[in-house]
Amino acid sequence: MAMATTDRASSSSAAALLLLLLALAVAGTSSAQLSTGFYSYSCPGVYGAVKSVMKSAIANEKRMGASIVRLFFHDCFVQGCDASLLLDDTATFQGEKMATPNNGSVRGFEVIDAVKSAVEKVCPGVVSCADILAIAARDSVVILGGPSWDVKVGRRDSTTASFSGANNNIPPPTSGLANLTSLFAAQGLSQKDMVALSGAHTIGQARCTNFRAHIYNDTDINSAFAKTRQSGCPSTSGAGDNNLAPLDLQTPTVFENNYYKNLLSKKGLLHSDQELFNGGATDTLVQSYVGSQSTFFTDFVTGMIKMGDITPLTGSNGQIRKNCRRVN
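Counting restarts for each chain, with residues numbered from 1 along the sequence as it is written. At least 70 in pLDDT is required for a residue's local features to be given in this predicted model, at least 80 for side-chain atom pairs to be given and counted, and no such filter applies to totals for whole chains, interfaces and linings, which use all residues. Only hydrogens and water are set aside; all other atoms, that is, all heavy atoms of the structure, feed into the side-chain values.

Visitor: Give a detailed account of the domain arrangement of the protein chain, specifying residues and quantitative values.
Guide: You can read the domains of the protein chain as domain 1 (45–170) and domain 2 (177–308). Just so you know, the domain bounds were taken from an automatic or database domain assignment. Distance between the C-alpha centres of domain 1 and domain 2: 22 Å. Every contact between the two is made by 26 residues of domain 1 and, on the other side, 21 residues of domain 2. The term buried area refers to how much accessible surface (probe radius 1.4 Å) is lost by two components on association, counted for both of them together. Counting each side, the surface lost to burial between domain 1 and domain 2 is near 2000 Å², with a carbon and sulfur contribution of 73%. Basic side-chain nitrogens of Lys or Arg form a salt bridge, by our definition, when they fall within 4 Å of a carboxyl oxygen of Asp or Glu. Here domain 1 is connected to domain 2 by zero salt bridges. Definition of a polar contact: a pair of N or O atoms within 3.5 Å, with one able to donate and the other able to accept a hydrogen when the atoms are protein atoms, and with sequence-neighbouring residues admitted only if both atoms are side-chain atoms. At the junction of domain 1 with domain 2, the criterion picks out three residue pairs in polar contact (both at pLDDT 80 or more). Runs of H or I in DSSP of at least four residues are treated as helices and runs of E of at least two as strands, each being numbered from the N terminus. With seven residues, helix α3 (residues 63–76) is the largest single contributor of residues to the side of domain 1 that touches domain 2. For the side of domain 1 that touches domain 2, the per-class residue count stands at 13 nonpolar, nine polar and four charged. The criterion used for residue contact is that any of the two residues' heavy atoms lie within 4.5 Å. Classification convention: Asp, Glu, Lys, Arg as charged; Ala, Val, Leu, Ile, Met, Phe, Trp, Tyr, Cys, Pro as nonpolar; all other residues, Gly among them, as polar.

So, in structure tokens, the structure goes:
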């Protein structure tokens, strides 16, 4: 009888130990994931610090909001949302800034530097550059009139970058619908996510070099609109390459659904924009966003959260960079 009691006690102890190990495993897994409350205790002031700098930067230049959102896109599509895009080239390190989709095009790095400096004053060494970029992108959308959402945080910063990834993963403005869909799918994003996230082009501007072929060679464009854009974008390659035009004809500094309305009238500035409404599978989605701005906002938020989840570095992976432009 004593032996039976001992056996039961041993079994109970073993079961308790197993449950404890399972609990620890689950806790370890969950702690390595992103959450909206990651900085609740370690740096609750991060959100106020980011918002203050972003408000000032966008008040100084409305276009900056779109530039920061674009930085977030271009970062997340290469190695995930790890702030690899923010790294400068050095004599021994090749970053992503000089890759074709980024060279002379992505901007706003000095604003992220200013945000990082403000956050470091509040809680030094705690918040990653990757999280700062994610929060700044959300704030940019909100400041320009778009929807808000709780940003999932807990990312760490990469110590590497991928020049080839930047060249191959980021959808070029010449993309057709099939290529766009494929490149978004490679990041775990659906066609609905793709159309909703493309709505970020309701703010910002594009360079002549990125829409020249569309306004001179394509037939899926309003002819009067094309002529208007041609006046500031010469047909000769190299001439006026950096001349800018608004991605949203009406309100390039207000986040709403006019971008989709432009597509219905064949006034998409980029070839890749107009491909979303050109007799293909995404026409219905575009029409739904024209009919309901709230539907667009809801799907955009869903897409931004999903994009922010692309292979983040968490736990002990990566580092918290002291300077967003270089590894520690």
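After that view, the rundown keeps rolling.
Visitor: Can you explain the pattern of salt bridges? Please cite residues and give values.
Guide: Opposite charge on two side chains permits pairing when their charged atoms draw close. Taken as a whole and judged by the stated rule, the model has ten salt bridges. Note that K116 is salt-bridged to E120, the shortest N-O span being 3.1 Å. Here K116 pairs with E120, and both are found in helix α4 (residues 109–122), just four residues apart, close to one helical turn. Relative accessibility thresholds used throughout: buried, under 20% of the residue-type maximum; exposed, over 50%; partly exposed, between the two (1.4 Å probe, protein chains only). On the accessibility criterion, K116 (4% relative accessible area) is buried.

Visitor: Lay out helix α2 (residues 46–60) in plain terms, naming residues and giving numbers.
Guide: Residue count minus one, scaled by 1.5 Å, sets the expected span of a helix. Taking 1.5 Å as the rise per residue, α2 with 15 residues should run 21 Å; its terminal C-alpha atoms sit 22 Å apart, in good agreement. Looking at α2, one finds that the buried residues are V46, A49, V50, V53, M54, A57 and I58. Each buried residue of α2 lies within a common arc of 150° when the element is viewed along its axis, so the set occupies one face. Looking at the buried residues of α2, the elements they touch are α3, α4 and α5 (129–143). When we speak of the arc, we mean the arc of directions from the helix axis to the C-beta atoms.

Visitor: Quick rundown of the state of the cysteines? Include the residues and the values.
Guide: Pairs of cysteine sulfur atoms within 2.5 Å are what we label disulfides. Following the criterion strictly, the structure yields four disulfides and no others. Across the disulfide, C129 is cross-linked to C324 (sulfur-sulfur distance 2.1 Å). Here C129 and C324 share a disulfide; its torsion about the S-S bond, -95°, makes the bridge left-handed. Highlighted residues: C129 in helix α5 and C324 in the segment after α14 (293–308), separated in sequence by 195 residues. Given the relative accessible area of 0%, C129 is considered buried. Since its relative accessible area comes to 2%, C324 is described here as buried. Put simply, C208 and C233 are joined by a disulfide, and their sulfur atoms are 1.9 Å apart. Judged by the sign of its S-S torsion, about 70°, the cystine formed by C208 and C233 is right-handed. Here C208 is found in helix α9 (residues 208–217), whereas its partner C233 is found in the loop between α10 (223–230) and β2 (244–246), with 25 residues between them in sequence. The two residues C208 and C233 agree in class, both being buried. By sequence-ordered numbering of the bonded cysteines, the protein chain has its disulfides arranged as 1-4, 2-3, 5-8, 6-7.

Visitor: Account for the UniProt feature "binding site: Ca(2+) 1" (unreviewed entry) in the protein chain, naming residues and giving values.
Guide: UniProt positions are given in the numbering used here, feature names are shortened, and annotations may be inferred rather than shown by experiment. UniProt's entry tags D75, V78, G80, D82, S84 and E96 with the feature "binding site: Ca(2+) 1" (unreviewed entry), counted in the numbering of this structure. In three dimensions, the annotated residues from a span of 22 residues occupy one location, with a maximal C-alpha spread of 13.0 Å. Within the secondary structure, G80 sits in the loop between α3 and α4. With sequence-adjacent residues up to four places away left out, G80 is seen in contact with D75, I310 and T311. Among the structural elements, E96 can be located in the loop between α3 and α4. On the accessibility criterion, E96 (0% relative accessible area) is buried.

Visitor: Explain unusual backbone geometry to me, and be specific about the residues and the numbers.
Guide: The phi torsion at Q79 lies on the positive side, around 65°, for a residue other than glycine. Among the structural elements, Q79 can be located in the loop between α3 and α4. The partly exposed category is assigned to Q79, whose relative accessible area is 32%. One non-glycine residue, A83, lies in positive phi territory at about 65°. Take A83: it is sitting in the loop between α3 and α4. Taking relative accessible area as the criterion, A83 reaches 0% and is therefore assigned buried.

Visitor: An account of the layout of surface pockets is needed here, citing residue identities and associated values.
Guide: Definitions used for this entry: grid spacing 1 Å over protein atoms alone; cavity, a set of points where a 1.4 Å probe fits but cannot get out; pocket, an open set with protein on both sides within 12 Å along at least 5 of 7 lines; lining residue, one with an atom within 4 Å of a point. Grid points are joined across faces, edges and corners, and a volume is the space filled by probe spheres set on the points. There is about 1100 Å³ of room inside the largest pocket. Surrounding the largest pocket, 46 residues form its lining, R70, H74, P171, H201 and L270 being those nearest its centre. Counting only elements with at least two residues in the lining of the largest pocket, the list comes to α3, α7 (177–185), α8 (191–198), β1 (205–207), α9 and α12 (271–274). Counting residues per element, the lining of the largest pocket draws most heavily on α3, which supplies eight residues. Of the residues belonging to the lining of the largest pocket, the class tally is 23 nonpolar, 16 polar and seven charged.

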